[in-house]
Structures are given as C-alpha cells and as structure tokens.
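Overview (structure and organization)
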Amino acid sequence: EEITTMCLIPMIAGSVDIPVIAAGGIGSGKAMLAAMVLGADGVQIGSRFIASEECSAHINFKNKVVSVDEGETDLTLKELTPVRLMKNDFHQKIQNAYTNNVSKEGLIDLLGKGRAKKGMFEGDLIEGELEVGQVSAMIKEIMPVSEIMSKIIEEFEQEKNKISNLKL
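Attention here is on the structure that accompanies the text.

The rules behind each value
- Residues numbered from 1 in each chain as written.
- Predicted model: local features only at pLDDT ≥ 70, side-chain atom pairs only at ≥ 80, totals over all residues.
- Heavy atoms only, no water.
- Helix = DSSP H or I, 4+ residues; strand = E, 2+ residues; numbered from the N terminus.
- Buried < 20%, exposed > 50% of the residue type's maximum accessible area, 1.4 Å probe, protein only.
- Contact = heavy atoms within 4.5 Å.
- Pairing = 2+ DSSP bridges.
- Polar contact = N/O pair within 3.5 Å; in protein donor to acceptor, adjacent residues only side chain to side chain.
- Salt bridge = Lys/Arg side-chain N within 4 Å of Asp/Glu carboxyl O.

**Section: the environment of Val65**
Mapped onto the secondary structure, Val65 falls in helix H3 (residues 59-67). Judged by its relative accessible area of 0%, Val65 falls in the buried class. In this structure, the C-alpha to C-alpha distance between Val65 and Lys167, residues 102 residues apart in sequence, is 38 Å. Discounting chain neighbours no more than four positions away, the residues touching Val65 are Ile50, Ala51, Met86, Val132, Ser136 and Ile139.

Given below as structure tokens:
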C-alpha cells in the first residue's frame, strides 16, 4: 500500500542480501544520510532534479515545483500506476472521477495519451499531468545539477559529522 520510505527501508534492508537503493522523498543530504542510517546502500533522487537547469522539463513546470508547498501533491491513480501529482484542474478531474466511481477504463480514458508530456514538457499547468514527489515542498530554486550535487554531498558530510559526535 502506502508504506513510507523511512519505514520501508529497514524492512527491506533486513530482509534481503542484495544492495538496497532507497527512493521516494529523498532530495537532500540529510535525507540521503537518513536512508543510509536506516539500511540503504544508496539512494535514487528524482524530484530534486526537475528544478535543475539541465532538466528538459518546461520552465512553467520547474517554476511550479519551486513554488509548491507541502500538501499540494497527492498519490493517485493506484489502479493504473500509482503516481504523485500536483493538485491542479486535471487532478481535480481525477478526484471527481473517483467520487463518481468511474471504472479503471474510465480513468484510462480520462488520463488519455500524452497527458504527462502536456504538463511537464509543454508547460500546461492546468490540464497537464504534473508528476512530482512530496519532497517538492523543500525545493526552492532552480540550479545547475553540479550545484545540486555539491549541496547534497556537503550537507550529507555535515550531518554525518554531527551524528558521529552524538552522545547518549
């Protein structure tokens, strides 16, 4: 169902003998360190890179990502493929479909073809599908990937040093 990353990592890490790569809600050095403390061997970072200069997403979408607040995304379309969307007019149409008990086929029709392209790559913030993680609420500027990576690594190292000095 909807087990969060921070609960899922130790459950998985304790059950498998292969490397665990954590994903979901990770967009900072602190989150990366937390994932590794919980048992991840590495992380996958997605949403943070939408707001990078190099990302091919439309500038309208990038600007929306850096302005979104917590609570402005929703996990939906679980019957098709679970996806977290920014709340917009298209998202409201999905919610209305659920209220009206629309079938899986009706959801497929509503989604249509190219809806994600329309939102994320053509910049239609009203009718487009705007896929992004909850971590978007923490993203506040569009930066080059090299700066994003440097900040993540620097924060990771700072936080790692902090916890190494913790005393019980």
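**Topic: the pairing of strand E4 (residues 83-86)**
Of the pairings in the sheet, the one linking strand E3 (residues 73-76) to E4 comprises four bridges and is antiparallel in character. Each residue of the ladder has a partner; that of Thr73, found in E4, is Met86.

**Brief notes about the side chain of Ser47**
Position of Ser47 among the secondary structure elements: in the loop between strand E2 (42-44) and H3. Within the local environment of Ser47, its side chain forms a polar contact with the backbone nitrogen of Gly133, the two atoms lying 2.8 Å apart. Non-local contacts of Ser47, meaning those with residues more than four positions away in its chain, are made with Val132, Gly133, Val135 and Ile139.

**Thoughts on the pattern of salt bridges**
A full pass over the atoms with the stated rule returns seven salt bridges. One salt bridge in this structure joins Glu122 and Lys117, with 3.8 Å as the shortest N-O distance. The structure contains a network of salt bridges with shared partners spanning Lys93, Arg115 and Glu127.

**Some details on unusual backbone geometry**
A positive phi angle, near 55°, is found at Leu77, a position not held by glycine. Relative to the elements of secondary structure, Leu77 occurs in the loop between E3 and E4. One non-glycine residue, Asn101, lies in the positive phi region at around 55°. For Asn101, the position within the fold is in the loop between helix H4 (89-99) and helix H5 (104-111). For Asn101, a relative accessible area of 69% gives the class exposed.

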